[in-house]
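# Summary of the model geometry
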Amino acid sequence: MSRLSIVIPALNEAENLPTVFDTIPVAELEAAGWQTEVVVVDNASTDGTADVARALGATVVTQPRRGYGNAYQAGFDRATGDVISTGDADCTYPFDSLPELLSVLVEQDVEFMTTNRLGRANRSAMKRTHTIANHALSALSRGLFRNGLRDSQSGMWVFRRYVWDGLDVRSPGMAFSQEIKNAATRAGYRYLEVPIEYRPRGGEVKLKALPDGMANLRQLFEHRLRREAGRRVECPGTLAPRQAAPAVDAADDSALTAHYEAV
């Protein structure tokens, strides 16, 4: 049986965690051959997030240094799975889609899978200003890194553990999301972007639009200009790298029901 680690960063998300855990299909994943662990990274919460996560059966990692990237670094270090999946603790990401996403990862021999929230079907789940900003950052990221990804800011990824071991990802904050995608595609891992359902957020919004947006802009240019310090790590016994799978076009809402086939 393969092992899946679901890593969830959480800052004051005690109210949302029970709903999030209800969407994780542990029994369905087990039937599909996946033993699942859930790792919740408590990023210096003050509302009892860690206690709620433990009561729900999660492995809790404490990361006192606040920041989205800091939380993920700590969570990935603790994760024991052959495959790692991510998503926020705010009810926005469809953990119930994991069985299908994992099936695509295996069947298409993908090493790094990222997701696209920016299709037309999801417009009501995100503020219009955030949607515009996401499209703008994603367009700039595509232009700089030439990887075709339509949503550079999505926080749901599914990837082989060894990919993380081969990346040099440095961002302590929200820019971590775009950096891990650009690092993985730049390193030559086989990648795929698939559309997902994106849901309305529960609780308090943590995103600080202007400062986070400016930090992301700086990071994109700094990353593009730097020489990668990481090294590509191959899974023992894998074939030589093939051409990366193309991204699914975010403008095509029919892709939501097309079983995530690359086009």
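Let me begin by describing the structure that accompanies this report. All of these numbers come straight from a predicted model, not from anything done at the bench.

## Side note on the pattern of salt bridges
A full pass over the atoms with the stated rule returns 14 salt bridges. A salt bridge links Arg-161 to Asp-165; its shortest N-O distance comes to 3.6 Å. Of this pair, Arg-161 and Asp-165 are both found in helix α7 (residues 161-165), 4 residues apart, which corresponds to roughly one turn of the helix. Looking at Asp-165, the relative accessible area reads 46%, which means it is partly exposed. Linking Arg-170 and Asp-168 is a salt bridge whose minimum nitrogen-to-oxygen distance equals 2.7 Å. Looking at Arg-170, the relative accessible area reads 47%, which means it is partly exposed. For Asp-168, a relative accessible area of 13% translates into the label buried. Taken together, the shared-partner salt bridges connect Asp-109, Glu-111, Arg-160 and Arg-190 into one network.

## Notes on helix α9 (residues 209-225)
Working note: α-helix, 3.6 residues per turn, so residues spaced by three or four point in the same direction. End to end, α9 covers 25 Å across 17 residues, agreeing with the expected 24 Å (1.5 Å per residue, within 8%). The set of residues buried in α9 consists of Asp-212, Gly-213, Asn-216, Gln-219, Leu-220 and His-223. The buried side chains of α9 occupy one side of the element, clustering within an arc of 120 degrees when seen end-on. Opposite the buried face of α9, by more than 90 degrees, sit the exposed residues Leu-210, Glu-222 and Leu-225. Tucked into the core, α9 has its buried residues touching α6 (128-145) and α8 (176-186).

Parameters and conventions
- Residues numbered from 1 in each chain as written.
- Predicted model: local features only at pLDDT ≥ 70, side-chain atom pairs only at ≥ 80, totals over all residues.
- Heavy atoms only, no water.
- Salt bridge = Lys/Arg side-chain N within 4 Å of Asp/Glu carboxyl O.
- Helix = DSSP H or I, 4+ residues; strand = E, 2+ residues; numbered from the N terminus.
- Buried < 20%, exposed > 50% of the residue type's maximum accessible area, 1.4 Å probe, protein only.
- Expected span 1.5 Å × (residues − 1).
- Arc of directions from axis to C-beta.
- Contact = heavy atoms within 4.5 Å.

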